[in-house]
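Overview (structure and organization)
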Amino acid sequence: MIKTMLKAGALSVALATALGVAGGPALAQEVVYNRGNDTDPSSLDQHKTSTVAEAHILRDLYEGLVVYDNEAEVVPGAAESWEVTEDGTVYTFKLREDARWSNGDPVTAQDFVFALRRIQDPATAAGYANILYPIANAEAINTGDMPKEELGARAIDDKTLEITLEQATPYFVELLTHQTGLPLHQASVEEHGDAFTRPENIVTNGAYTLESFVPNDRIVLRKNENFHDAENVQIDVVNYIPFEERATCVRRFEAGEVQSCSDLPSEQIDELRARLGDQVRVAPYLGTYYLPVKTTKDVLGDPRVREAMSLAIDRVFLAEEIWQGTMVPAYSLVPPGTNNYVETPPQLSYAEDDILDREDRAKELLAEAGIEEGELTVDLRYNTSENNRNTMTAVSEMLRNIGIETTITEMEGATYFNYLREDGEFDVARAGWIGDYNDPQNFLFLYESDNLGFNYPRWSNEEYDALMERAEQETDLQARAEILAEAERLFLENVPAIPILFYTSKALVSPNLEGWEDNIMNVHGTRFLSLQQ
Amino acid sequence: MIGFVLRRLAGAIPTIFIIVTVAFFMIRAAPGGPFDLERPIDPLIMQNINAAFNLDKPLWQQYVLYLGNVLQGDFGPSFTRRDFSVADLFRLGLPVSVQLGALALLLALLVGATLGVIAALRQNKGADYAVVGIATFGITIPNFVVAPVLSLLFGVWMGWLPAGGWGTPAHMVLPVVTLALPQIAIIARLTRGATIEALRSNHVRTARAYGLPTRVVVITHTLRAAILPVVSYLGPAAAALLTGSVVVETIFGIPGIGRYFVQGALARDYTLVMGTVIVIALFVVIFNLLVDIAYAVLDPRVRYES
């Protein structure tokens, strides 16, 4: 009987394999790219999204006024050119004549006006509406104080769009690469309401259009033949496959079932490098991992104590040993390579010093602050993740080296950030920030006194606020960069949050996938890629 | 029998009601909310979102609203998968989980029962020790170890089967085997014990004394008695298998509903968690009922009318 069962089992496996393989040949004519993604999008409505995983898909579906190319350079998208008034407050975009929606309709300036008004409409409940607050009246509309028709965006004619800003914003054009700036096909949104994102309803103006979306399985995009640059789009179908478990993507990559993974398990990076060589891509990424210190607490309010903690942290050890080279030691808040910044950005004065000298200096600072060895105990708090736990454990040991005792508290993700935001009673926490746009302001604004959403340490410094305010008013890019650098210098002197690591993006890329360029924004629009099959 | 079934179904209503109520308040008692992300949302915008999802209303009012909607078959919108209602997610995911679970259950039943009977008939011999050993191994090795190993072995190194994904019969083989393995082990042990007991019973000894062939004694007289403990086990096992396995679905990338419960709970997607709780509760009730009916059919001594 066992023999019969084994035979039957072998037969069914063989049959199943044959059937599985048989699924392929019909599609052999098309170039199909199976693309690993971090997770499923919470929505394909650009106004209800915020994450990088969603941005990858939306970048393929829609084309904004400007887009990132495969090196993260801002290049014309739906707009072929633009002009800005001398005071930097009025932008006039000229849309390309051949821009069309996937249903053949022309892309008009009104489509952009409609989308920009919709994201600010309180009824849309768009979580990222504030990214576009530089547009005149946007904030007032979003908070319900003004009708959406008052937004500083208008269609002069079908192909001319004018956007008026509250004040000059040097990074505004780059801001429009974000998903919040993507257009919408007005007629289909009005007809289908929230259901406009369904495959049977959606109309897109990007290189691809949506064919199907099965949660936890795949999102299938098909080449949009109406796209103005369709002839240069070489991949016919993109299957976005969500991988919450990074190791699963690696296995499927090795089995040849996916051609790229959007993230990798950090703890396996050495082994992956040894096994997969150049297919492992680790590139600088616009993000900082830092430790906010609660400045409203007695002892921690003393900048000398915060500096002592910062001095004691061996960032090279954390980057190389804990994160296996998938992070870069950080001595500033603004990551290197950020646009619109000074040539030599400020960094912590002791960046180059030997760690033993730094520990001695840290002990002196603690003594100056009147803290004896073993007298101060701080709680290190982090949100659940193995790497965060290891990082905090290492930091704890480093602080012990200068006589600071520690306790460690782990919190689950959904609770953690709410706790930090709601002025939780933490001492030292861990947090990270990935830039939405490539400008130092996107990091430095975190610590403005009135930014209660992100200023977890509740650090308040009038001079810093004044510098940020001045930078906002400054239209000359070089002068603005100097002011922002001055603000960062002040930040680093006070270290209300201790920058310890810069993020990197980690990916697996098949040698068959061409055009994938590592870049600081981690953007890889499929229209710029090609795949050898 | 019909009266019994109807009484049992009616009895299940308060059970489900209590489960829904407890689950509703428990998930709300958990700190954090569905929109507490690493990048906090502006408090003013948060007000818009809360209003859109009725989260600005008092909790009791939200409960009454939710209960009213569920009674009309509306499980509400998902908070974290905003393009889908909870019903949409189940419509897409449930058939996948049921397909996966049913195949695993069938495989477990066929292989487990066969191994159990073989072990019982060869009690204290090599085959018996082998089955008991394999069963112990099957129970102790968790499927988060088995799944990646099978995927690596057959998907990556040998390339015989897909390493993950869903869609063709080939995609089903590894997850079905992974899901079935511990069940095979349990069913084999249950069948073995029950068969040994049945073989020692008076009616089987009598059948043997009559000189009936072993095959007839085993199939006609022993299995009927031996299958009863397996049938009792099948109720909860079927409910668990058919509503999906989080680990197997995650590791093989299967779009079933098993992951929704964990994803929903971690993201505080209240409606998705509630929907999953209700579906699982219904499955448990239905399968326990089916087990009771199967018992009545297999063992006429069980009289539900009394």
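Residues numbered from 1 in each chain as written. Chains lettered and ligands numbered in written order. Predicted model: local features only at pLDDT ≥ 70, side-chain atom pairs only at ≥ 80, totals over all residues. Heavy atoms only, no water.

**Looking at the confidence of the model for chain A**
Applicable threshold: Values of pLDDT, which run from 0 to 100, indicate the predictor's confidence residue by residue. Here, residues are in contact when the closest pair of their heavy atoms is within 4.5 Å.
The pLDDT averaged across chain A works out to 91; a share of 95% of its residues lies at or above 70. Taken together, the stretch residues 1-27 of chain A has pLDDT below 50 and engages in 14 contacts with residues farther than four places along the chain or on a different chain.

**Thoughts on the side chain of K294(A)**
All names here are of chain A. Just so we agree on the cut-off: Runs of E in the DSSP output that reach at least two residues are strands. Runs of H or I that reach at least four are helices, and both are numbered from the N terminus. Only protein chains enter the accessibility calculation, which uses a 1.4 Å probe. A residue is then buried if its area is under 20% of the maximum for its type, exposed if over 50%, and partly exposed in between.
Mapped onto the fold, K294 is located in the loop between β12 (280-292) and α9 (303-312). The exposure class of K294 is buried, given its relative accessible area of 2%. Those residues within four positions of K294 in sequence are excluded, and the remaining contacts are L300, D423, G424, F426, D427, Y456, P457 and R458.

**Details of the pairing of strand β6 (residues 153-157) of chain A**
Put simply, the rule is: If DSSP finds at least two bridges between two strands, the strands pair.
Two strands pair when backbone bridges link them, and β6(A) and strand β7 (residues 160-164) of chain A are joined in this way by four bridges, in the antiparallel orientation. From the neighbouring strand, R154(A) faces β7(A), where its bridge partner is E162(A).

**Considerations on the sheet that holds strand β4 (residues 79-84) of chain A**
Residue and element names in this part refer to chain A. What counts here: Helix axes use the C-alpha atoms of the stretch in contact, all axes being lines fitted to C-alpha atoms, and the angles between their N-to-C directions lie in the range 0 to 180 degrees.
The strand order across the open sheet built from four strands is β4-β5-β7-β6, with neighbouring strands paired in antiparallel fashion. The open sheet has two free edges, formed respectively by β4 and β6, since each of these has just one partner strand. Going across the sheet, the axis of each strand differs from the next one's by a mean of 25 degrees, ignoring polarity. Sheet topology note: the strand β5 (residues 90-95)/β7 ladder contains five bridges and is antiparallel. Bridge pairing in β7 places Y91 opposite I163. This element, helix α3 (residues 109-120), spans β5, β6 and β7 of the sheet and lies at about 170 degrees to β6.

**Some remarks on helix α15 (residues 462-473) of chain A**
Residues and elements named next belong to chain A. Applicable threshold: Helix span, expected: 1.5 Å multiplied by one less than the number of residues in the helix. This arc describes the spread of directions from the helix axis toward the C-beta atoms. Here a polar contact means two N or O atoms within 3.5 Å. Within protein one must be a hydrogen donor candidate and the other an acceptor candidate, and residues neighboring in sequence count only if both atoms are side-chain atoms.
Taking 1.5 Å of rise per residue, twelve residues should cover 16 Å, and α15 covers 17 Å from first to last C-alpha, within 8% of that figure. All buried positions along α15 are accounted for by Y464, L467, M468 and A471. Along α15, the residues classed as buried sweep out an arc of 95 degrees about the axis, all on the same side. Away from the buried face of α15 by more than 90 degrees, exposed residues E462 and R470 are located. Where the residues of α15 are buried, they touch α14 (441-444) and α16 (477-494). The N-capping residue of α15, defined by a side-chain oxygen 3.0 Å from the backbone nitrogen of E463, is N461.

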